Amino acid sequence: QVQLVESGGGLVQVGGSLRLSCTASRSIFVIYDLGWYRQPPGKQRELVATIAPTNMTNYADSVKGRFTISRDISKNTVYLQMNSLKPEDTAVYYCNANHKFLPGYWGQGTQVTVSS
């Protein structure tokens, strides 16, 4: 079993920045696709960004140019740098580790609130 623990959420004003971190209890990031998802109030969970073992990244159109996903394998940590935050970025953000043939994992979520 692997635990993913997110941190870095909080309250920020429009235009501000936050960096989310997600640390795994075991070294799985070398072979797993890593992702950040979010669930806005009253809405379904949606993809924000992913990073593959090859370091190829993918972003939702709504965050392109503002958010950056990265990882530090030595620290078993994946990051989401969020800049130019907007009220519509308000959501619970979840870390995900996904593999085609192995069990996937989710973090417990961290709240991000962008105030106007």
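The text that follows walks through the structure, step by step, so that each part is easy to find. Computed from a predicted model, the values in this text were never measured in an experiment. (Residues numbered from 1 in each chain as written. Predicted model: local features only at pLDDT ≥ 70, side-chain atom pairs only at ≥ 80, totals over all residues. Heavy atoms only, no water.)

As a further point, take the packing of aromatic side chains. Working definition: an aromatic ring pair is given by the centre-to-centre distance plus the angle between the planes. All told, the structure shown has three aromatic pairs when counted by the stated rule. Each ring, one from Tyr32 and one from Tyr105, has its centre 6.1 Å from the other, and the planes form 40°; the classification is tilted. A residue pair is termed long-range when its members are at least 10 positions apart, and Tyr32 in the loop between strand E3 (18-24) and strand E4 (33-39) and Tyr105 in strand E10 (residues 105-106) qualify at 73 residues. The burial state of Tyr32 is the same as that of Tyr105; both residues are buried. Ring centres 5.1 Å apart and planes at 65° place the aromatic pair Tyr37 and Trp106 in the edge-to-face group. Here Tyr37, found in strand E4, pairs with Trp106, found in strand E10; they are 69 residues apart in sequence, far enough to count as distant. Residue class for Tyr37 comes out partly exposed when judged on its relative accessible area of 22%. The class for Trp106 is partly exposed, based on a relative accessible area of 41%. Taken together, the ring pairs connect Tyr37, Tyr94 and Trp106 into an aromatic cluster. (Phe/Tyr/Trp six-rings, centres within 6.5 Å; stacked < 30°, edge-to-face > 60°. Helix = DSSP H or I, 4+ residues; strand = E, 2+ residues; numbered from the N terminus. Buried < 20%, exposed > 50% of the residue type's maximum accessible area, 1.4 Å probe, protein only.)

Pairing between sheet strands relies on hydrogen bonds along the backbone, with the strands arranged either parallel or antiparallel. The antiparallel open sheet is built from four strands, whose spatial order is E1-E3-E8-E7. Of all strands in the sheet, those bounded by a partner on one side alone are strand E1 (4-7) and strand E7 (67-72). Shown here is a sheet whose adjacent strand axes are inclined to one another by a mean of 15°, direction ignored. Across six bridges, E3 lies against strand E8 (residues 77-82) in antiparallel orientation. If you follow Leu20 over to E8, its bridge partner there is Leu80. (Pairing = 2+ DSSP bridges. Axes fitted to C-alpha atoms, helices over the stretch in contact; angles between N-to-C directions.)

The topology assignment puts Asn76 in the loop between E7 and E8. Classification of Asn76 by relative accessible area gives buried; the value is 14%. Once you skip the residues sitting within four places of it in the chain, Asn76 turns out to touch Cys22, Thr23, Ala24, Arg26, Ser27 and Phe29. (Contact = heavy atoms within 4.5 Å.)

This part is about unusual backbone geometry. At Asn55, a position not held by glycine, the phi torsion is positive, near 75°. Looking at the element boundaries, Asn55 is found in the loop between strand E5 (46-51) and strand E6 (57-59). Positive phi, normally seen in glycine, also occurs at Asn76, with a value near 50°.

Glancing now at the nonpolar core. Grouped together as the largest cluster of nonpolar side chains are 31 residues, with contacts concentrated most on Leu4, Trp36, Val78, Leu80, Met82 and Tyr93. When contributions to this core are tallied by element, the ones reaching two or more residues are E3, E4, E5, E7, E8, strand E9 (91-98) and strand E11 (110-115). Leave out the neighbours within four places in its chain, and Leu80 touches Leu18, Arg19, Leu20, Trp36, Val48, Ala49, Phe67, Thr68, Ile69 and Tyr93. (Core = buried A, V, L, I, M, F, W, Y, C linked by side-chain atoms within 4.5 Å.)

Applying the stated criterion across every chain yields a total of one disulfide. Bridging Cys22 to Cys95, the disulfide has an S-S length of 2.1 Å. In this structure the cystine formed by Cys22 and Cys95 twists about its S-S bond by roughly -80°; its chirality is therefore left-handed. Of this pair, Cys22 sits in strand E3 while Cys95 sits in strand E9, and the two are 73 residues apart along the sequence. Given a relative accessible area of 0%, Cys22 falls into the buried group. A residue is classified by how much of its surface remains accessible, and Cys95, at 1% relative accessible area, is buried. (Disulfide = S-S within 2.5 Å.)

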